[in-house]
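Here is how the chains run, residue by residue.
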Amino acid sequence: MRATYRRRTALVGVGALTAGLLLTAPQPAEAANLIKNPGFETSGSDDMPYCWEKSGWGDNDFGFETTSDAHSGSRAMKVTVTRRVSGDRKAMITESTDCAPGVSAGKQYDLGLWYRTTTPDANITLFRHDITAGWQYWTDLKTLDMASAWTQATVRTPEVPAGTDRITWGVSVYGTGSATTDDYTMDQVPDPLPPARCTGTDDQCANGSWSVLPTQNPVRSMHSVVLDNGKVLLIAGSGNSEENFGAGTFTSAVYDPANGTYKVISTPKDMFCAGHVQLQDGRVLVLSGNKAYPVAGGHGYEGFKDSYVFDPRTETYSRTNDLNDGHWYPSATELGNGDVISFGGLREDSTGSVTAERFSAAQNQWLPLSQVNQTWSYWGLYPAMILMQDGRLFYTGSHVFGNNIPGTGAAIYDYDANTVTQIPGLQNKDERDQSASVLLPPAQDQKVLTIGGGNIDSNPDAGRLTDLIDLKQPNPSYVAGPPVPQGTVDLGGGPRPETGNQGKMYVSAVLLPDGKVLETGGALHNRADPVYESSFYDPGTSTFDPVAADPESRGYHSSAFLLPDGRVMATGDNPGNGSWNHNVSIYTPPYLYKGTRPTITSVISQEWKYGDTQRITVDRPVARAELIRPAAVTHSSDPNQRFVDLPLSVDGNNVDLNVTNNPDIAPPGWYMLFAVDANGVPSVARWVHLTGPAALSAASPHVHAFADSLTGKVSGPGKKRASQQVSPAISGCDRHYGSVNVCVPTVFPPEVSRTAAARCAWLQRNDYGRLKVNGGDDPLGLDPDRDGLACGKGDVRRR
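A brief report on the enclosed structure follows. (Residues numbered from 1 in each chain as written. Predicted model: local features only at pLDDT ≥ 70, side-chain atom pairs only at ≥ 80, totals over all residues. Heavy atoms only, no water.)

## Examining the overall build of the protein chain
Step number 1: Helix and strand counts for the protein chain stand at four helices and 57 strands.
Step number 2: A compact globule built from 799 residues should have a C-alpha radius of gyration of about 28 Å, and the protein chain, at 27 Å, falls within 12% of that.
Step number 3: Along the three orthogonal principal directions, the C-alpha set of the protein chain runs to about 100 × 60 × 50 Å.
Step number 4: Sorting the 799 residues of the protein chain into buried and exposed places 63% on the buried side.
Step number 5: Nonlocal contacts in the protein chain, meaning residues at least 24 apart in sequence, comprise 66% of its contacts between residues at least 6 apart.
Step number 6: When the accessible surface of the protein chain is split by element, carbon and sulfur atoms take 50% of a total near 27000 Å².
Step number 7: Side-chain charges of the protein chain comprise 66 positive and 85 negative groups, with the mean position of each set lying 3 Å from the other. (Helix = DSSP H or I, 4+ residues; strand = E, 2+ residues; numbered from the N terminus. Rg over C-alpha atoms; globule rule 2.2 N^0.38 Å. Buried < 20%, exposed > 50% of the residue type's maximum accessible area, 1.4 Å probe, protein only. Contact = heavy atoms within 4.5 Å. Areas by Shrake-Rupley, 256 points an atom, 1.4 Å probe, with all protein chains shown as cover. Lys, Arg positive; Asp, Glu negative; His and termini not counted. Charge placed at Lys NZ, Arg CZ, Asp CG, Glu CD.)

## Observations regarding the sheet that holds strand 22 (residues 333-334)
Step number 1: Here we have four strands laid out as an open sheet, ordered 22-23-24-25, and antiparallel in their pairing. Unpaired on one side and paired on the other, strand 22 and strand 25 (365-366) mark the two borders of the sheet.
Step number 2: Where strand 23 (residues 340-342) and strand 24 (residues 357-360) come together, three bridges link them in antiparallel fashion. What sits directly across from Ile 341, in strand 24, is Arg 358. (Pairing = 2+ DSSP bridges.)

## Examining the layout of surface pockets
Step number 1: Volume-wise, the largest pocket comes out at about 730 Å³.
Step number 2: Every residue lining the largest pocket is counted, 37 residues in all, and those nearest its centre are Tyr 378, Trp 379, Asn 404, Ile 405 and Pro 406.
Step number 3: Listing elements by their share of the lining of the largest pocket, those giving two or more residues are strand 29 (419-422) and strand 55 (714-715).
Step number 4: Considering only residue class, the lining of the largest pocket consists of 17 nonpolar, 16 polar and four charged. (1 Å grid on protein atoms, 1.4 Å probe; cavity = no way out; pocket = protein on both sides within 12 Å on 5 of 7 lines; lining within 4 Å. Points joined across faces, edges and corners; volume = space filled by probe spheres on them. Nonpolar A, V, L, I, M, F, W, Y, C, P; charged D, E, K, R; others polar.)

## Notes on the state of the cysteines
Step number 1: Applying the stated criterion across every chain yields a total of four disulfides.
Step number 2: The disulfide bridge from Cys 733 ends at Cys 743, spanning 2.1 Å between sulfur atoms. Handedness of the Cys 733-Cys 743 disulfide follows from its S-S torsion of about -95°: it is left-handed. You can see Cys 733 sitting in the loop between strand 55 and helix 3 (756-765) and its partner Cys 743 sitting in the loop between strand 55 and helix 3, a full 10 residues away along the chain.
Step number 3: We classify Cys 733 as buried; its relative accessible area is 2%.
Step number 4: You can call Cys 743 buried: its relative accessible area is 1%.
Step number 5: Sulfur-sulfur distance for the disulfide between Cys 760 and Cys 791 comes to 2.0 Å. (Disulfide = S-S within 2.5 Å.)

## Focus: the sheet that holds strand 17 (residues 284-287)
Step number 1: The sheet built from four strands is open, its strands ordered 16-17-20-21 with antiparallel pairing. Both edges of this open sheet fall to strand 16 (275-278) and strand 21 (316-319), since each of them pairs with a single strand only. Within this sheet the neighbouring strands show an average axis-to-axis angle of 25°, counted without direction.
Step number 2: Note: strand 16 against strand 17, four bridges, orientation antiparallel. Its bridge partner being in strand 17, Gln 278 is matched across the sheet by Val 284. (Axes fitted to C-alpha atoms, helices over the stretch in contact; angles between N-to-C directions.)

## Re the environment of Gln 764
Step number 1: Tracing the backbone through its elements, the reader meets Gln 764 in helix 3.
Step number 2: Spatially, the C-alpha atoms of Gln 764 and Asn 577 are 9.8 Å apart, while their sequence positions differ by 187 residues.

## Some points on the environment of Ala 685
Step number 1: As for its placement among the helices and strands, Ala 685 is situated in the loop between strand 53 (669-676) and strand 54 (686-691).
Step number 2: On the accessibility criterion, Ala 685 (9% relative accessible area) is buried.
Step number 3: Distance in space between the C-alpha atoms of Ala 685 and Pro 294 is 43 Å, their sequence separation being 391 residues.

## Digging into the pairing of strand 21
Step number 1: Two strands pair when backbone bridges link them, and strand 20 (residues 307-311) and strand 21 are joined in this way by four bridges, in the antiparallel orientation. Residue pairing across strands places Asp 311 opposite Thr 316, the latter belonging to strand 21.
Step number 2: The loop that links strand 20 with its antiparallel partner strand 21 comprises four residues; one of these, Glu 315, has a positive phi angle of about 55°.

## A few points about the nonpolar core
Step number 1: In terms of nonpolar packing, the biggest core is built from 48 residues, with Leu 562 and Met 569 touching the most fellow members.
Step number 2: Broken down by element, this core gets its largest block of residues, four residues, from strand 53.
Step number 3: If we skip the residues at most four places from it in the chain, Leu 562 touches Val 226, Val 510, Leu 511, Leu 512, Pro 513, Arg 567, Val 568, Tyr 591, Ile 628, Met 672 and Phe 674.
Step number 4: If you look at the next biggest cluster of nonpolar residues, it comprises 37 residues, including Ile 469, Ile 616, Tyr 671 and Val 688. (Core = buried A, V, L, I, M, F, W, Y, C linked by side-chain atoms within 4.5 Å.)

## Some words on the packing of aromatic side chains
Step number 1: Considering all chains together, one arrives at 34 aromatic pairs under this definition.
Step number 2: An aromatic cluster of at least three residues, connected via ring pairs, comprises Phe 245, Phe 250, Phe 272, Tyr 293, Tyr 301, Trp 328, Tyr 329, Tyr 382, Phe 401, Tyr 506 and Tyr 556.
Step number 3: Sitting over the face of the ring of Phe 304, Lys 269 holds its NZ or CZ atom 5.0 Å from the ring centroid.
Step number 4: The ring of Tyr 415 carries Arg 358 above its face, with NZ or CZ at 4.7 Å from the centroid. (Phe/Tyr/Trp six-rings, centres within 6.5 Å; stacked < 30°, edge-to-face > 60°. Lys NZ or Arg CZ within 6 Å of the ring centre and 35° of its normal.)

## Points about the pairing of strand 32 (residues 466-470)
Step number 1: Counting buried residues in strand 32 gives five out of five residues, a clear majority hidden from the surface.
Step number 2: Neither face of strand 32 is left uncovered, since the one carrying Thr 466, Leu 468 and Asp 470 and the one carrying Asp 467 and Ile 469 both have all their residues buried.
Step number 3: Both strand 31 (residues 447-451) and strand 32 contribute to a ladder of five bridges, which runs antiparallel. Paired with Thr 450 across the bridge in strand 32 is Asp 467.
Step number 4: Strand direction decides the pairing type here: strand 32 and strand 33 (residues 479-480), joined by two bridges, are antiparallel. Bridge pairing in strand 33 places Asp 467 opposite Ala 480.

## A short note on the side chain of Gln 502
Step number 1: Tracing the sequence through the fold places Gln 502 in the loop between strand 35 (495-497) and strand 36 (508-511).
Step number 2: Side chain to side chain, Gln 502 and Asp 461 meet in a polar contact 3.4 Å long.
Step number 3: Beyond its immediate sequence surroundings of up to four residues, Gln 502 is in contact with Asp 461, Ala 462, Arg 464, Gln 486, Val 489, Arg 496 and Leu 524. (Polar contact = N/O pair within 3.5 Å; in protein donor to acceptor, adjacent residues only side chain to side chain.)

## Digging into empty space enclosed by the protein
Step number 1: Using the criterion set out here, one finds 13 cavities of 30 Å³ or more in the structure.
Step number 2: By volume, the largest cavity amounts to about 230 Å³.
Step number 3: Among the elements that take part in the lining of the largest cavity, strand 7 (residues 134-143) stands out by supplying six residues, more than any other.
Step number 4: Its residues placed into classes, the lining of the largest cavity shows six nonpolar, 11 polar and three charged.
Step number 5: Volume-wise, the second largest cavity comes out at about 140 Å³.
Step number 6: In this structure, the second largest cavity is lined by 20 residues; those nearest its centre are Ala 509, Val 510, Ala 560, Asp 638 and Gln 641.
Step number 7: For the lining of the second largest cavity, the elements supplying multiple residues, two or more each, are strand 30 (436-439), strand 36 and strand 42 (559-562).

Structure, rendered in structure tokens:
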């Protein structure tokens, strides 16, 4: 049989990472098997057994056969694919109320079957029935090892999402070969034990707590990278200080959370506002940085072509080959093969770079321009480019400085086809400057949340908008999410409650091991007016829950990130007066006040391969396990951050973890492995190294046809060009006043009237101090008496 089919069901799965169930050794499935006709012994229609149906999609040749080669009884099901270009074929439990097993929200189920395979490209695939949206793909659970003899496979589902009343599942064959299956089982996991009692105060157990470390960060770092040894690389370069730049004082520091110490590291170049990402071997690739600070009436910031790697073992930098262009504020996204792709930033002449760059993992170098696909598009500064499950890139609309790119403000870039397709729905796209975008837990769900943002060019009140997109939809579009909770804002007279639609830009978003997202930090305006507010976003309910707020201001050049012990570290703040907040905050989430933590007592192997089943032991039952990619964050941006679910097979304290076979779900590298109990309490992370297949017979990625019917405007490569013209004032700072360290805004907040007295009063409230006028121009009218000093007595005297 040969066919090119669309998948039968709408692929709009919902995440299943809310509070989990306690894992215990499963009861014998035969005692409570929820599967009808589990051994295919009863005949049905369409040449299929009763309660089983043919399913699949794509361009392939296939066959379904009821065979006498059975594990028990007289029948088994054989699915064969003889030619494949795309898609899969699977025998599934029939999607009907009579056949599909009923399930309860919040419960987990153990699935089992016996199988024989002639292909490594087979796995257990799960669908769910949403009472509103109908049947939809849920997730892939387990890759089946090749087996010539009958072999048993078991796996536990994630917690059933709210609104789900039935599930169906089967074995997908997505490569040439066959899978023969028999004797399916499904039983409900026993209910959890009562929740643990709170070990802290009621407030700590509800909201967590912040503390400020006694030792300050010794460098003005705006780049934070969690290393595979648990330490944190804090990159400053010149630290946005022209004095440091002039003196050639470029610094980084390595922070050790185990003992609270910092080690200042010699840094070869001004990596201020570079790009960075962990390579698959654990080294940190740092690309471009600051070649020159702006000059009033002349050029803006300039980016250089240099690139370096930082080795966590030696704690030293070494130079790679150069980039093809300068990129100050570039993106950096790791691809599924370990390559890194980069877009945007400013060139050596301070114009915008339209050159895409690609770092080859195999060659350990940046590829020459002729070997990198180019659209000659200008993506702006720090464009948030998130890797999708099929290798394409989703530009979320989060960026830095001013307006978004033309069009809808969000897009899917297909590197192989070299096309850009606009994605609709992003609200107020030109006020998403230094918003945060994050691939929600788990990565398999392919949902992205974008939070807050502002615009330093027009300098309105930063907003509360959030947007959600489900990239599993055939034609995905952003939809409005819940507004960010409001906190307090300091406009110069101390914190007061936010009003109206006031929200925040400079947002940090951190994936937590309990499956929630911590959003924290921010400010109301361009490098001014800090906002004190933190909350949890729950992907299962799509709601925000306010929690304790960081007591320190965390605006421009701040970052927050997850530590391996499950706490969150927050650093930095660089207001417009040029000062720097060297205080470091640590957030202890509520889950660390909920009793004793589970412990991963052993990891059989630290080296993991795609499609593996990896065994760990734990000291007591756990509800879930996941890989979280360590942070590499700056300017609200960490497009590589992701949380990868590891479906479980449980035998007492031995837990087998089923690793995705798709490297676009979990790009190669070092990950933090967390085990989490029924109360959402995580273990301390163990480090594991995920890389390519162990042998040529290993499974290939199971890639789904998500986002395959896009209707947005499509553009291919444009005419080759050198650059995009960019305003020298792109950073939102008027360099006619004060030193280059100081950022007098080109546009004042909306509540400041357009008079010298009002503007000078605002500058005084924000501690700007003495401001020399650079040159003869006074574009903001801060020096009416023309004495060369802005906001002097003569400038604000009543007339």
